[in-house]
Amino acid sequence: MSTARNYIAKELYRATLVVMLALIGLFSFFTLVDQLDAVSDRLPLTALLYIELLALPTRTYELLPIGVLIGAVLALAGLAHRNELVILRVSGVSAMRLLGMLWMACIPIIAIAVVLSEYITPAAEIRYSEANLTLRGKVEGGRLASGYWFREPTDDGGSRVLNIGELLGSGELANLTIYDIAPNNRLSRLSQADRGIFEEGELKLINVRDNLITPDAINALADGMPDQQPIMVVKSEASRVLDTTLTPGRVVARIATPEKMSLVTLWDYINYLQSNDLDATRQVVAVWRKLAYPFTLLVMLTIAAPIAFMQTRRGGMGAKVFAGILAGTLFFMIGQLTLNMGLLYQWQPIVTALLPNTLAFVLALGTLLAMERRFRWGKAHASSRPSTVNQGTSS
């Protein structure tokens, strides 16, 4: 059976590679055509091609499940078209055993997906954001109209809110506003800085303007008389080091889509959010979805098996490929719908991440077992016919 397993694996790899090249080329072409209007003196065509090149690892990671599904359908349909699949089935290889061969063949693909997920895609995504920032003057991600917002506790029991107005292509921060809030939830200091630079694990502020608010400022005009002491003191500094838990990785995590981050960076950002009493549901769901990604590839192969085994009278291979594309599109739509509904209705992250995979796996496996039962019944019924005929002849 090792010869058959290696042969099936070779067919799977070849078909998946062809499908992935076609999908990546098609999506890249349409994305490039859609962005040609942005070509200008600041963004020449070569720069746009460079940005699209940086997007290839992320696009490969996102299209890999669909590519595995269609590639498996093509590979198995080719075996069926050449009657090789029938020979395996008649020789005693069950459908579950064939599925096990497909799962074993998927191990190298899973390894490639892990390398893409944890190393290549996060690094390419950072370069992609930097290129967008430098060449287009904008960056995709969780940015509000007022900039990027962060919150963290302070040593005196209060809290600090940081607003980053702009991220520069050099990795620096621009137009920072810092709100220091006392333990009694009153604003104690408002600071503004032109730039911020991360140096040796610290955030260095450049051209700082501090507005120090006295604790009794709220009661200063309670009696209708001007206070003898100023309620606010304004100071300026050329530079100052801010004691903050914010790091370059956490700034990048605020920008990047959670699924495009490595597990280490994602987990660090979740700890940062939870320690500051911020909602980390979206990030926790992303962790579960990344952990479930290998299972997703196995689910795609499980879906492909009954599609390839089904009998078609006309246009067999084309009908199977179309069914595979339809199944992959439906799976993707259900996955996105489950993600949005899970975030909206506050489902458990593990349920949000695994529900589409579990449903698709159970449905595909049940269909495959039903087809296997029908095949065995037909085989047993066909083998019993000669004995019945012989009995009728002898009588």
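Attention here is on the structure that accompanies the text. (Residues numbered from 1 in each chain as written. Predicted model: local features only at pLDDT ≥ 70, side-chain atom pairs only at ≥ 80, totals over all residues. Heavy atoms only, no water.)

**Thoughts on the pairing of strand 4 (residues 187–199)**
Item 1. Where strand 3 (residues 173–181) lies against strand 4, eight bridges are found, and the strand directions are antiparallel. Across the sheet, L173 pairs through a bridge with G196, a residue of strand 4.
Item 2. Hairpin connection from strand 3 to strand 4: five residues lie between these consecutive antiparallel strands, with N185 at a positive phi of about 65 degrees.
Item 3. Examined bridge by bridge, strand 4 and strand 5 (residues 202–213) share 10 bridges and lie antiparallel to one another. (Pairing = 2+ DSSP bridges. Helix = DSSP H or I, 4+ residues; strand = E, 2+ residues; numbered from the N terminus.)

**Structural notes on the pairing of strand 5**
Item 1. Here strand 4 hands over to strand 5 after two residues, with E200 in that stretch at a positive phi of 55 degrees.
Item 2. Taken together, the 10 bridges between strand 5 and strand 6 (residues 232–242) define a ladder with antiparallel strand orientation. Residue pairing across strands places L203 opposite L242, the latter belonging to strand 6.

**Section: the pattern of salt bridges**
Close approach of charged atoms lets side chains of opposite charge pair.
Item 1. In this structure the tally under the stated criterion is 17 salt bridges.
Item 2. With its nearest N and O atoms 3.4 Å apart, the salt bridge here joins R209 to D194. Here D194 lies in strand 4 and R209 lies in strand 5, a separation of 15 residues in the sequence.
Item 3. The class for R209 is partly exposed, based on a relative accessible area of 33%.
Item 4. Classification of D194 by relative accessible area gives partly exposed; the value is 31%.
Item 5. Each member of the salt-bridge network shares a partner with another, and the members are E152, R160, D180, R189, D210, E237 and R240. (Salt bridge = Lys/Arg side-chain N within 4 Å of Asp/Glu carboxyl O. Buried < 20%, exposed > 50% of the residue type's maximum accessible area, 1.4 Å probe, protein only.)

**Section: helix 10 (residues 293–309)**
Item 1. Across its 17 residues, helix 10 extends 25 Å between first and last C-alpha, which sits within 8% of the 24 Å expected from 1.5 Å per residue.
Item 2. Counting buried positions along helix 10 yields 14 of 17 residues, so the element is predominantly enclosed. (Expected span 1.5 Å × (residues − 1).)

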